[in-house]
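Inside the fold
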Amino acid sequence: MFFFDSVVRVRAGTRVDRGGNTVEDWSDGAVSRLSIGQLNIQPASQTETQDATRNAVVTGWRVQSEEGTAPDITARDRIEWDGMVLTVQGEVAKWPDPVSGSPHHTEFTMVRATG
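All values reported here derive from a predicted model rather than from experimental measurement.

Cut-offs and rules
- Residues numbered from 1 in each chain as written.
- Predicted model: local features only at pLDDT ≥ 70, side-chain atom pairs only at ≥ 80, totals over all residues.
- Heavy atoms only, no water.
- Salt bridge = Lys/Arg side-chain N within 4 Å of Asp/Glu carboxyl O.
- Helix = DSSP H or I, 4+ residues; strand = E, 2+ residues; numbered from the N terminus.
- Phe/Tyr/Trp six-rings, centres within 6.5 Å; stacked < 30°, edge-to-face > 60°.
- Lys NZ or Arg CZ within 6 Å of the ring centre and 35° of its normal.
- Buried < 20%, exposed > 50% of the residue type's maximum accessible area, 1.4 Å probe, protein only.
- Polar contact = N/O pair within 3.5 Å; in protein donor to acceptor, adjacent residues only side chain to side chain.
- Contact = heavy atoms within 4.5 Å.

Here the focus is the pattern of salt bridges. According to the stated counting rule, one finds 6 salt bridges in the structure shown. For R9, the salt bridge goes to D72, with nearest N and O atoms at 3.1 Å. Pair noted here: R9 is in strand β1 (residues 5–11) and D72 is in the loop between β5 (55–65) and β6 (78–81), with a separation of 63 residues, a long-range link. Within this structure, R9, R11, D72 and D77 form a network of salt bridges that share partners.

To continue, consider the packing of aromatic side chains. Going through the model one piece at a time under the given rule, you end up with 1 aromatic pair. Its end group placed over the ring of W26, R78 keeps NZ or CZ at 3.7 Å from the ring centre.

A word on unusual backbone geometry. Unlike most non-glycine residues, Q38 shows phi in positive territory, near 60 degrees. Its place among the elements puts Q38 in strand β4 (residues 32–50). At D82, a residue that is not glycine, the phi angle is positive and equals roughly 55 degrees. Note on placement: D82 falls in the loop between β6 and β7 (84–96).

This part covers the side chain of S65. Structurally, S65 can be placed in strand β5. Among the residues examined, S65 registers a relative accessible area of 1% and is labelled buried. Within the structure, the side chain of S65 is placed 2.9 Å from the side chain of T69, a separation counted as a polar contact. Here T106 takes part through its backbone nitrogen, which lies 2.8 Å from a polar atom of the side chain of S65. The residues touching S65, leaving out its near neighbours within four places in the chain, are F3, Q38, L39, P71, H105 and T106.

Just distances and angles here, no functional claims.
This is the structure in C-alpha cells:
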C-alpha cells in the first residue's frame, strides 16, 4: 500500500588504471542500471552550511523496501530518482524476518549534496 516508489540503481563497472589496479568506472558505457520498485521514500534530513565561497545543502531521504523484498543495492551504488543522482549514505540495512530468517525488508538513506 505504501510501497509505490521506484528508483534506478546505478552500479559502476570496472577498468584497469595505468598502475594495473582495478578501479570503479562511472562512465556511461561502463555502468549498469537496474529499475527497483516496491519502495517507500520519505524525506529524512536537510542541512545547510554557508561560508564565504559557497552555500552547501545536503538533503537526505530514507528508503524502505516492501516486506518480503531484498533489492540489490549496496553502499557503493548511486541512485537516480526524481530527476536527481543521489549517493547511498552508509551501509544498506538488510532486515531478516524474525521467525524464518528470510529477507523481511531493506532500509537505506540516500543523499544529494549541492553547492
